[in-house]
Amino acid sequence: MTTLAITGGRVLLPDATITRADVLIDQDAGEILQIGPDLDGDETLDGSDALVTPGFVNGHCHVAMSLLRGYADDKPLENWLREDIWPAEAQLTDEDIRAGAELGVLEMIKSGTTAFADMYFEVPEIAAAVEEAGVRARLGHGIVTVAKDEEEAREDAETSLEIAREYDGAADGRISAAFMPHSLTTVGEEYLAEYVPRAREAGIPIHYHANETSEEVTPIVEERGVRPLAYAAEKGMLDSQDFVAHGVHVDESEIQLLAEAGTGVIHCPASNMKLASGMAPVQRMLEAGVTVGLGTDGAASNNDLSMLDEARDAAMLGKLAAEDASAVPAESVVELVTRGSADALGLESGRLEQGAPADLAVIDLDAPHLTPRYDLVSHLAYAAAASDVRHTVCDGRVLMRDREVLTLEEASVLSRAREAAADLRTRLED
Ligand SMILES: N[C@@H](CCSC[C@H]1O[C@@H](n2cnc3c(=O)[nH]cnc32)[C@H](O)[C@@H]1O)C(=O)O
Ligand SMILES: [Zn+2]
């Protein structure tokens, strides 16, 4: 057995208390062996003056969209997608998607994220980036059937099912998969009726965008006379292993449906603010017992992939939405970026305890903005930044040591992304 010890730090435990302790990891099993005093390992990471936290879990992303960061801003969802993003995505080559995925995963490792859920196309490119970088991911192919003929639409749905079957369990189990219809309005009912039961039979979870904008809710209510999540339940898309992104415009009946079904909701506060989609009733969902996690959405609507930013945004927006400063407190958002997202995605990560996956981040506390140290949970929620992450470990493997990423070559990932973006821009201008 090869072991790794993180020594001299303060460790954030699942009950939100913090203890001075070392963490010993079994690198072969990728598990935490022990948390306690004076532990030695074959390899050591310095945790002094630092907080050891579970690796952050980004519950909803389009990681390759990192290549479109800053390409189009300041528009509402429908216009942004149809006028800018979808035309640009139609030009992306496999190499572009690989470059964008590596860029995004690099940013994740540098900001302490060890797992994410991703909806995109050319999934094999994204899986290759995940495999190489050493992180964990639940991947899927996003289906859009509107504006497609039947053959194309069917092919898209088939691809999503095939990709999920093929990639579930890949990269030594670090990759899992889901069936991913883009949303309840961009995928036709006939395709949901046919493919959802097939995904269910194969035991594959389902992930989709739901109730993100009011423009998306109104047509469903008008055409079908039911709320979108009641429609989703009718279609069999509200299971305990499923998770939806956004859930901004959900009413009380939908919150009850989510809580009863055990379907996770990935709240994406930065994207919701930037596209002015609205404020999700996060405090209400938590009180109702809904499994809530946090996600960045793609970098083109955020515009970064830092879960520390997302935690802070979730707290701020949650208070504003509830008109209550005590709503969505520090402890809640820290739980949302770790265990909340992990639970929604069906991952065992998100907690530091014996036997849990060795997915963690070590955050440097020796900084003006983290001084003094009354409450480290408060610092994590409100003051820590991506650049404070000192080391990142996933599945027992050190992915970043002293801010040097060991699994990806940072300089070449950045230069490939810059070249791909410059090329894309030329193609789009022609
Ligand atoms: N196969 C589909 C692609 C779906 S992938 C998932 C899609 O979600 C898009 N996307 C990114 N952010 C959001 C969001 O906030 N809401 C809805 N869609 C988004 C993203 O640009 C990408 O096109 C096609 O034929 O276009
Ligand atoms: Zn999205």
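Where an unreviewed UniProt entry is consulted, the protein chain appears under the name 5-methylthioadenosine/S-adenosylhomocysteine deaminase, with the organism given as Natrarchaeobius chitinivorans. Per UniProt, the protein chain has the following entry under Function (unreviewed entry): "Catalyzes the deamination of 5-methylthioadenosine and S-adenosyl-L-homocysteine into 5-methylthioinosine and S-inosyl-L-homocysteine, respectively. Is also able to deaminate adenosine." Among the UniProt annotations of the protein chain, the heading Sequence similarities (unreviewed entry) holds the following wording: "Belongs to the metallo-dependent hydrolases superfamily. MTA/SAH deaminase family."

J.: Can you help me understand the UniProt feature "binding site: substrate" (unreviewed entry) in the protein chain in this one?
T.: UniProt's feature table lists "binding site: substrate" (unreviewed entry) at Glu89, His182, Glu212 and Asp297, given in the numbering used throughout. In this structure, glutamate 89 sits in helix 1 (residues 77–90). Given 19 C-beta atoms within a 10 Å radius, histidine 182 is considered partly exposed. Sequence-distant contacts of histidine 182, that is, excluding residues within four places in its chain, are made with Gly142, Ile143, Val144, Val187, Tyr208 and His209.

J.: Just checking my understanding: could you explain helix 4 (residues 150–167) for this structure?
T.: In an α-helix there are 3.6 residues to a turn, and that puts residues three or four apart on one side. Its 18 residues give helix 4 an end-to-end C-alpha distance of 26 Å, which sits within 8% of 26 Å, the value for a rise of 1.5 Å per residue. Listing the buried residues of helix 4 in full gives Asp156, Ala157, Ser160, Ile163, Ala164 and Tyr167. Taken end-on, helix 4 shows its buried residues confined to a sector of 125°, consistent with a single buried face. For helix 4, exposure combined with an orientation more than 90 degrees from the buried face picks out Glu150, Glu151 and Glu162. Glycine 169 lies just past helix 4 and shows a positive phi near 90°.

J.: Which parts of the structure should I look at to understand the domain arrangement of the protein chain?
T.: Buried accessible area, meaning the area lost when the parts come together, often serves as the stated size of an interface. As far as domains go, the protein chain holds domain 1 (3–54 + 350–405) and domain 2 (56–345). The C-alpha-based centres of domain 1 and domain 2 are spaced at 28 Å. Going through the elements one at a time, strand 5 (50–54), strand 15 (360–364), helix 13 (376–382), strand 16 (389–394) and strand 17 (397–401) are the ones with two or more residues in the side of domain 1 that touches domain 2. By residue number, the principal contributor to the side of domain 1 that touches domain 2 is helix 13, which donates five residues. For the side of domain 1 that touches domain 2, the residue count by class is 16 nonpolar, four polar and four charged.

J.: Explanation requested: the packing of helix 4 against helix 5 (residues 189–201) in the structure shown.
T.: Axes are the key here: two packed helices are described by the angle between their axes and the distance separating the axes. Two numbers describe how helix 4 lies on helix 5: the axes approach to 11 Å, and their chain directions differ by 15°. One way to sum up the angle between helix 4 and helix 5 is to call them roughly parallel. Considering the relative orientation of helix 4 and helix 5, their crossing is right-handed. Within the contact between the two elements, helix 4 uses Ala153, Ala157, Leu161 and Ala164 and helix 5 uses Tyr191, Tyr195, Arg198 and Ala199.

J.: Explanation requested: the pairing of strand 13 (residues 264–267) in the structure shown.
T.: Looking down a regular strand, the side chains alternate between one sheet face and the other. Neither face of strand 13 is open: one carries Gly264 and Ile266, the other Val265 and His267, and all of them are buried. Assessed by its sense of winding, the connection that carries the chain from strand 12 (residues 243–246) through helix 8 (residues 252–261) to strand 13 is right-handed. Of the pairings in the sheet, the one linking strand 13 to strand 14 (residues 292–294) comprises three bridges and is parallel in character. Across the sheet, residue valine 265 finds its bridge partner in strand 14, namely valine 292.

J.: I'm lost on the site of ligand 1 in this one. Help?
T.: Lining the immediate surroundings of ligand 1 are 19 residues, of which Phe121, Gly142, Val144, His209 and Gly298 lie closest. Looking at the shell around ligand 1, the elements with two or more residues in it are helix 1, strand 7 (113–120) and strand 8 (136–143). Here the element with the most residues in the shell around ligand 1 is helix 1; it accounts for four residues. When the residues that make up the shell around ligand 1 are grouped by side-chain class, the tally is eight nonpolar, seven polar and four charged.

J.: Sorry, what's going on with the sheet that holds strand 12 here?
T.: Two strands in a sheet stick together by hydrogen bonds in their backbones, pointing the same way (parallel) or opposite ways (antiparallel). The four strands are arranged 11-12-13-14 in an open sheet whose pairing can be described as parallel. The outermost strands of the open sheet, each flanked by one partner alone, are strand 11 (207–210) and strand 14. Within this sheet the neighbouring strands show an average axis-to-axis angle of 30°, counted without direction. Along the sheet face, helix 12 (residues 330–345) touches strand 12, strand 13 and strand 14 and points at about 115° away from the line of strand 14.

J.: Looking at this structure, I do not really get the nonpolar core. What am I missing?
T.: One recurring pattern in soluble globular proteins is that nonpolar side chains are buried together. Formed by 137 residues in total, the largest nonpolar core has its most connected members in Val52, Val105, Ile126, Val135 and Ala311. Broken down by element, this core gets its largest block of residues, eight residues, from helix 2 (residues 94–110). Residues lining this core come from more than one domain, with at least three contributed by each of domain 1 (3–54 + 350–405) and domain 2 (56–345). Not counting residues up to four positions away in its chain, the partners in contact with valine 52 are Ile6, Gly9, Arg10, Val11, Leu12, Val23, Gly47, Leu352, Leu360 and Val362.

J.: Where do I start with the packing of helix 11 (residues 307–322) against helix 12 in this structure?
T.: Look at helix 11 against helix 12: their axes get within 9 Å of each other, and the N-to-C directions meet at 140°. By the angle class used here, helix 11 and helix 12 are oblique. Here the hand of the crossing between helix 11 and helix 12 comes out right-handed. Between helix 11 and helix 12, the contacting residues are Met307, Glu310, Ala311, Ala314 and Ala315 on the first element and Ala330, Val333, Val334, Leu336 and Val337 on the second. Per-class residue counts for the contact of helix 11 with helix 12 are nine nonpolar, no polar and one charged.

Procedures and definitions
- Residues numbered from 1 in each chain as written.
- Chains lettered and ligands numbered in written order.
- Predicted model: local features only at pLDDT ≥ 70, side-chain atom pairs only at ≥ 80, totals over all residues.
- UniProt positions renumbered as here; feature names shortened; annotations may be inferred.
- Helix = DSSP H or I, 4+ residues; strand = E, 2+ residues; numbered from the N terminus.
- Buried ≥ 20, exposed ≤ 12 C-beta atoms within 10 Å, placed from the backbone.
- Contact = placed C-beta atoms within 7 Å.
- Expected span 1.5 Å × (residues − 1).
- Arc of directions from axis to C-beta.
- Domains from an automatic or database assignment.
- Nonpolar A, V, L, I, M, F, W, Y, C, P; charged D, E, K, R; others polar.
- Axes fitted to C-alpha atoms, helices over the stretch in contact; angles between N-to-C directions.
- Parallel < 35°, antiparallel > 145°, perpendicular 65-115°, else oblique.
- Left-handed = near helix turned anticlockwise from the far one by under 90°.
- Right-handed = clockwise from strand over helix to strand, strands pointing away.
- Pairing = 2+ DSSP bridges.
- Near = placed C-beta within 6 Å.
- Core = buried A, V, L, I, M, F, W, Y, C linked by C-beta atoms within 7 Å.

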